[in-house]
Amino acid sequence: MTSHDWDAVVRTWRETRGSSLLRAYSDEVNRRLLRRWLPQDCGRVLKTDVFDEAVAEGLSPFLAARAQAFVAIDASPETVAAARRRHPELDARVADVRALPFEAASFDVVVSTSTLDHFPSRAGVEAALRELHRVLVPGGLAVVTLDNPRNPLVALRNALPFRPLVLVPYYVGATLGPRGLGAALESVGFAVEELAAVMHVPRIAARALRPPLRLLLAAERLERWPTRFLTGQFVAARARRP
Ligand SMILES: C[S@@+](CC[C@H](N)C(=O)[O-])C[C@H]1O[C@@H](n2cnc3c(N)ncnc32)[C@H](O)[C@@H]1O
């Protein structure tokens with residue numbers, strides 16, 4: 001999927017009650033994860049896409065409040081423009097996460113929520129992880145989430161030859177489960193500190209049934225169950241550059 005395709009996704013995005021609920025659910029789940037995994041003072045922070053800021057509140061207000069400096073990138077110029085319209089204070093730049101326009105050791109924290117799971121092959125995921133490692137200072141933290149292929153619904157959806165827009169309104173690519181993500185992070189030099197599974201209510205159920213947000217969030221208790229990697233739609237890793 002090229003940056004033009006992502007431009008089209010944002011251009012044709014329709015805000016409905018279902019999509020707004022899903023975005024609020026996703027934002028809150030990610031904020032809770034970051035609250036748990038990041039220090040109060042995060043220093044210089046990079047976020048690897050601004051899709052969530054282009055279509056909803058996103059994570060930027062939360063991250064900017066904890067950062068001394070906050071920069072976000074996205075490969076899609078229209079997504080960057082839409083994110084800036086919603087968040088005029090946002091320092092958002094057009095860039096490819098596989099070739100970041102930053103010097104080595106420029107950031108203390110990198111947050112990458114479902115950016116790297118849209119490449120045709122795992123080589124793309126690994127190239128991006130190498131870049132995240134390069135731009136972090138020694139001791140810096142990366143939080144990475146990817147579509148979780150251990151979840152049977154996600155695996156089925158990703159295996160379909162075509163995907164109805166109601167399932168997911170954009171291309172999904174190669175991804176890694178908890179073990180694969182841990183191994184890929186370690187192969188580029190990270191030390192993996194924690195793995196988790198998040199968003200335990202299937203997107204389609206949230207969209208179709210539109211339960212109150214608090215019920216969706218209550219389902220996140222499944223994160224503590226031994227079955228978490230079967231129910232979570234995303235696998236999440238906290239990894240440190242030694
Ligand atoms: C599914 S959306 C991200 C979802 C969102 N972060 C969330 O948490 O729900 C994928 C985003 O990654 C961006 N993207 C795709 N390929 C990219 C690349 N190579 N470098 C940077 N951004 C990229 C797209 O433009 C899009 O905004």
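The text that follows walks through the structure, step by step, so that each part is easy to find. On a predicted model such as this, the values are computed, not experimentally measured, just so you know.

What counts and what doesn't
Within any chain, residue numbers begin from 1 and follow the written order of that chain's sequence. Per-residue local features are limited, in this predicted model, to residues with pLDDT of at least 70; the limit for side-chain atom pairs, both in listing and counting, is 80 or more; totals at the level of whole chains, interfaces and linings are taken over all residues. Side-chain calculation: all heavy atoms of the structure are included, whereas hydrogens and water are not. A run of DSSP states H or I qualifies as a helix once it reaches four residues; a run of E qualifies as a strand once it reaches two. Both are numbered from the N-terminal end. Atoms considered for the radius of gyration are the C-alpha atoms alone. The globule rule reads 2.2 Å times the number of residues to the power 0.38. Only protein chains enter the accessibility calculation, which uses a 1.4 Å probe. A residue is then buried if its area is under 20% of the maximum for its type, exposed if over 50%, and partly exposed in between. Two residues qualify as a contact provided that any one of their heavy atoms is within 4.5 Å of a heavy atom in the partner residue. Basic side-chain nitrogens of Lys or Arg form a salt bridge, by our definition, when they fall within 4 Å of a carboxyl oxygen of Asp or Glu. We call a set of buried Ala, Val, Leu, Ile, Met, Phe, Trp, Tyr and Cys residues a nonpolar core when their side-chain atoms join them within 4.5 Å. Here a cavity means grid points, on a 1 Å grid over the protein atoms only, where a 1.4 Å probe fits yet cannot get out; a pocket means an open set of points with protein on both sides within 12 Å along at least five of seven lines; lining residues are those with an atom within 4 Å of a point. Grid points are joined across faces, edges and corners, and a volume is the space filled by probe spheres set on the points. Nonpolar residues are Ala, Val, Leu, Ile, Met, Phe, Trp, Tyr, Cys and Pro. Charged residues are Asp, Glu, Lys and Arg, and all others, Gly as well, are polar. The arc refers to the directions leading from the helix axis to the C-beta atoms. Polar contact is defined as a pair of N or O atoms within 3.5 Å, subject to the rule that within protein one atom must be able to donate a hydrogen and the other to accept it, and that residues adjacent in sequence are counted only when both atoms are side-chain atoms. A cutoff of 4 Å decides nearness: a residue is near a molecule or strand if any of its heavy atoms lies inside that distance of it. All accessible-area figures derive from a Shrake-Rupley calculation using a 1.4 Å probe, and residue coverage is judged against the displayed protein chains alone. Throughout, a molecule is located in a cavity or pocket provided that more than half of its atoms lie within 2 Å of its grid points. Two strands qualify as a pair provided that DSSP identifies no fewer than 2 bridges between them.

### Description of the overall build of the protein chain
- Per the secondary structure count, the protein chain includes 11 helices and 7 strands.
- Taking 18 Å as the expected radius of gyration for a compact globule of 242 residues, we find that the protein chain reaches 17 Å, a close match to that expectation.
- When each of the 242 residues of the protein chain is scored for burial, the buried share is 55%.
- A fraction of 80% describes how many contacts in the protein chain between residues 6 or more apart in sequence connect residues 24 or more apart.

### Points about the pattern of salt bridges
- Within this structure, the stated rule accounts for 16 salt bridges.
- Among the ionic pairs, Lys-47 bridges to Asp-52, the shortest N-O distance being 3.0 Å.
- Linked through salt bridges whose partners overlap, the residues forming this network are Glu-28, Arg-31, Arg-32 and Glu-57.

### Looking at the nonpolar core
- Counting residues in each nonpolar core, the largest one holds 47 residues, and the members touching the most others are Tyr-25, Leu-34, Leu-38 and Leu-63.
- Ranked by residues supplied to this core, first place goes to helix α2 (residues 17-37) with 7 residues.
- Each residue touching Leu-38, except ones within four places of it in the same chain, is listed here: Leu-63, Arg-66, Val-109, Val-111, Leu-141 and Val-143.

### Digging into the layout of surface pockets
- Volume-wise, the largest pocket comes out at about 630 Å³.
- In terms of residue count, α2 provides more of the lining of the largest pocket than any other element does, 6 residues in total.
- For the lining of the largest pocket, the per-class residue count stands at 16 nonpolar, 13 polar and 8 charged.

### Focus: helix α7 (residues 152-159)
- If you check which residues of α7 are buried, you get Val-154, Arg-157 and Asn-158. The buried residues of α7 all sit within an arc of 95° when viewed along its axis, so they share a single face. Facing away from the buried surface of α7 by more than 90 degrees, the exposed residues are Pro-152, Leu-156 and Ala-159.
- Its buried side turned inward, α7 meets β5 (136-147) and α9 (203-209).
- The backbone nitrogen of Leu-153 has a side-chain oxygen 2.8 Å away, supplied by the residue at the start of α7, namely Asn-151.

### Comments concerning the site of the ligand
- In the vicinity of the ligand lie 23 residues, with Arg-23, Asp-49, Asp-74, Val-97 and Thr-113 positioned nearest.
- Within the side chain of Asp-96, one N or O atom sits 2.9 Å away from a nitrogen atom of the ligand.
- With respect to the ligand, the backbone of Thr-113 contributes an N or O atom lying 2.7 Å from a nitrogen atom.
- Here the ligand loses 96% of its free accessible area of 600 Å² to cover by the protein chains.
- When atoms are counted within 2 Å of each cavity's grid points, the one that captures over half of the ligand is the largest pocket.
- Taken together, the residues that form the shell around the ligand break down as 8 nonpolar, 9 polar and 6 charged.

### Structural notes on the environment of Asn-151
- Here Asn-151 is to be found in the loop between β5 and α7.
- Distance from Asn-151 to Asp-96, taken between C-alpha atoms, is 28 Å for residues 55 residues apart in sequence.
- Once residues within four sequence positions are removed from consideration, Asn-151 is found in contact with Phe-229, Leu-230, Thr-231, Gly-232 and Gln-233.
- Side-chain polar atoms of Asn-151 contact the backbone nitrogen of Leu-153, separated by 2.8 Å.

### What about the pairing of strand β1 (residues 43-47)?
- The buried count for β1 comes to 4 of 5 residues, which makes it a mostly enclosed element.
- Bridging between β1 and strand β2 (residues 67-74) involves 5 bridges; their strand directions are parallel. When the bridges of β2 are listed, Lys-47 appears paired with Ala-72.

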